[in-house]
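These are the residues of each chain, in order.
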Amino acid sequence: MKKFQSDYLIIGSGLAGLFSAYHASQYGTVALITKHDLKTSSSFWAQGGIAAAIDKTDSTQNHVEDTLEAGRNLCDKKAVEILVNEGITRIEELIKSGMKFDLLNGEIALGLEGGHSRRRVLHAGGTSTGEKIVNFVLSMIKGNKNVTVFENTLIHDLICEDQVCAGARGFKWDEKEDYLFGSKNIFLASGGASGIYFRTTNPHSSTGDGVSLAYNAGAEIRNMEFIQFHPTAFYSKSGETFLISEAARGDGAYLVNHKDERFMIGKHELAELAPRDVVSKAIFSEMLRSNLDCVYLKLDHIDGDYIKSRFPNIFNEALKHDLDIRKDKIPISPAAHYMVGGIKTDLNARTNVKNLYAFGEVASSGVHGANRLASNSLLECLVFGYRAVQESINEGNKIEIGVKEEGSYSVNQLVESNYLRSKNIISRIMNRNVGIVRNEELLKEALLKLSEIETSWNFEEYEYYSDRLSSLLVTSKMIINGALTRKESRGGHIREDYNGTDKQPYNLVQKKNREIQTEVIN
Ligand code: SIN
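Residues numbered from 1 in each chain as written. Predicted model: local features only at pLDDT ≥ 70, side-chain atom pairs only at ≥ 80, totals over all residues. Heavy atoms only, no water.

Draft legend 1. Spatial organisation of the overall build of the protein chain. Assigned secondary structure in the protein chain consists of 14 helices and 25 strands. Computed over its C-alpha atoms, the radius of gyration of the protein chain comes to 22 Å, within 12% of the 24 Å expected for a compact globule of 522 residues. When its C-alpha atoms are laid out on the principal axes, the protein chain stretches across 65 × 55 × 50 Å. A buried classification covers 61% of the 522 residues belonging to the protein chain. (Helix = DSSP H or I, 4+ residues; strand = E, 2+ residues; numbered from the N terminus. Rg over C-alpha atoms; globule rule 2.2 N^0.38 Å. Buried < 20%, exposed > 50% of the residue type's maximum accessible area, 1.4 Å probe, protein only.)

This is the structure:
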């Protein structure tokens, strides 16, 4: 068992983890942990960009209003104001440090995405924004002696006692080595859970580990039922998929059914650029009506050279499937994209467990409500990652508890194939029963099927794949239990058996004792 003590323990290496590591390293030592490598994250895959009201004709008030509208009365307005106002400062900080966003006529180019009332989305490398920002922040911490990176390291337990966290137990699986990480500031920045679904735009690593770790440690988890489906993920019979950025619709691409009819017209005043919950539901209905597995996105009326330079990665991916998006329509259908709920935090990213902070997609900070506004998530990583560091300094002396060693971890290769098979079955259950449109029967059936998988498993203590499966089950069940309990339709949670939206908005908070608490929002 190896031991590593640092001032900050940061779990996750997307934009939230990296940016907070950069700031934390100015105040102390940092252990930065990633399950795979520094370039496997939803942040790295982000296409559209990062929203900020920097245009002369825009205002932070407009951005706040659009965010609240998308969030369907479930956002915390204070959190949204912080996001939008401090977001501009954080972006300016990146630009001053040398980050290059795309330009148009010498000014920062701004894209348009669903739910935004005007062009507001900064981007880089066309639709390679995530890759460019992640690489840039990586360059900011490169060679920093205060930051030690642990790749291929799974955190399987947070070490907590009486609601105080003191570190984590990890397993570096490429070296088969156990680690005990001690720290007084534990930052969870481990991303979302959409990778649990069969159809997803996320990397395979987005399996909600942070949520299950925090839940097992006694943290409160909020609004897990809200899973955002991105309307336009490439559809193929083989199941292979990739994201077609909403920025394409922002530049005029439109949706048609198999008869070439634009079905979004008349459904919402913004048509294809309505918020995601509206567009995904409309596509779902269209697919049901036609009894087909996809609809289409068309760009053939847009200048071909522009398409190639603005959406280079989408152009190249589509070519691999023999599609030239300058003239061929693209088959698409919605895919799980973003975990809107997560670990409940205050405005400074603190959870209800002392010394444990959460930010980025893993957290429920109140900024997204029931449906995240496009391109607000990279912004959230910067704003609340920075806030967590500031709060950790303000907190001063921290309570310390002892860190005990436990049994050593192992990887049983005999369990691997069983794990992969179970993961695949769970992903199909989530897609079919806990998808865009839900009902009680489907949700209860999903719970039952998950219980069957759980009871059929021979879980081994301190074993890698057993642990992976148990984490998947905890997170999936939280999504389903939230969806069963919320008997209304709101944002990313659509119940065909409860069509209406309750007058009084509320959050659902899940606790380790399995209690689900309703928090009314005033
Ligand atoms: C997109 O490019 O459409 C995704 C942007 C986001 O999810 O914020």
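Draft legend 2. View of the pattern of salt bridges. Summed over the entire model, instances satisfying the criterion amount to 36 salt bridges. A salt bridge links Glu69 to Arg72; the shortest N-O distance between them is 3.6 Å. Where Glu220 meets Lys344, a salt bridge forms, and the shortest distance between an N and an O atom there is 3.3 Å. Of the two residues, Glu220 sits in the loop between helix H6 (209-216) and strand S14 (221-222) while Lys344 sits in strand S19 (residues 342-344), which places them 124 residues apart along the sequence. (Salt bridge = Lys/Arg side-chain N within 4 Å of Asp/Glu carboxyl O.)

Draft legend 3. Broad picture of unusual backbone geometry. The residue Arg72 is not glycine, and still its phi comes out positive at about 55°. Take Arg72: it is sitting in the loop between helix H3 (60-70) and helix H4 (77-97). Unusually for a residue other than glycine, Lys176 sits at a positive phi of about 55°. On the secondary structure map, Lys176 appears in the loop between strand S11 (164-172) and strand S12 (177-182).

Draft legend 4. Expanded view of the sheet that holds S11. The strand order S1-S12-S11-S10 describes an open sheet built from four strands, whose pairing is mixed. Edge positions in the sheet fall to strand S1 (2-5) and strand S10 (153-161), since each has one partner strand and no second. Strand after strand, the sheet turns through a mean of 25° between neighbouring axes, direction not considered. The sheet contact formed by S11 and S12 spans six bridges and is antiparallel. Within S12, the position partnered with Ala168 by the bridge is Phe181. (Pairing = 2+ DSSP bridges. Axes fitted to C-alpha atoms, helices over the stretch in contact; angles between N-to-C directions.)

Draft legend 5. Inspection of the packing of H4 against helix H11 (residues 377-394) at higher detail. Their axes nearest at 8 Å, the elements H4 and H11 cross at an angle of 90°. In terms of axis orientation, H4 runs roughly perpendicular to H11. For the pair formed by H4 and H11, the contact residues are Ala79, Ile82, Leu83, Glu86, Gly87, Arg90, Ile91 and Leu94 on the first element and Leu379, Glu380, Leu382, Val383, Phe384, Tyr386 and Arg387 on the second. By residue class, the composition of the contact of H4 with H11 is ten nonpolar, one polar and four charged. (Parallel < 35°, antiparallel > 145°, perpendicular 65-115°, else oblique. Contact = heavy atoms within 4.5 Å. Nonpolar A, V, L, I, M, F, W, Y, C, P; charged D, E, K, R; others polar.)

Draft legend 6. The packing of aromatic side chains, seen in detail. In total, this model carries 15 aromatic pairs according to the counting rule given. Aromatic pair Phe150 and Tyr179: ring centres 5.3 Å apart, planes at 70°, arrangement edge-to-face. With a gap of 29 residues between them, Phe150 in strand S9 (residues 147-150) and Tyr179 in strand S12 connect regions that are remote in the sequence. Grouping residues by exposure puts Phe150 and Tyr179 together as buried. Ring geometry for Phe187 against Tyr357: centres 5.1 Å apart, planes inclined by 70°, an arrangement best described as edge-to-face. A residue pair is termed long-range when its members are at least 10 positions apart, and Phe187 in strand S13 (residues 185-188) and Tyr357 in strand S20 (residues 356-358) qualify at 170 residues. (Phe/Tyr/Trp six-rings, centres within 6.5 Å; stacked < 30°, edge-to-face > 60°.)

Draft legend 7. Quick look at the site of the ligand. In the neighbourhood of the ligand, the contacting residues comprise Gln47, Gly48, Glu113, His230, Leu243, Ser245, Glu246, Arg276, His337, Arg372, Ala374 and Ser375. With respect to the ligand, the side chain of His230 contributes an N or O atom lying 2.7 Å from an oxygen atom. The side chain of Ser245 places a nitrogen or oxygen atom 2.7 Å from an oxygen atom of the ligand. In the complex, 94% of the free accessible area of the ligand, which totals 260 Å², lies under the protein chains. The residue makeup of the shell around the ligand, split by class, is two nonpolar, six polar and four charged. (Near = heavy atom within 4 Å. Polar contact = N/O pair within 3.5 Å; in protein donor to acceptor, adjacent residues only side chain to side chain. Areas by Shrake-Rupley, 256 points an atom, 1.4 Å probe, with all protein chains shown as cover.)

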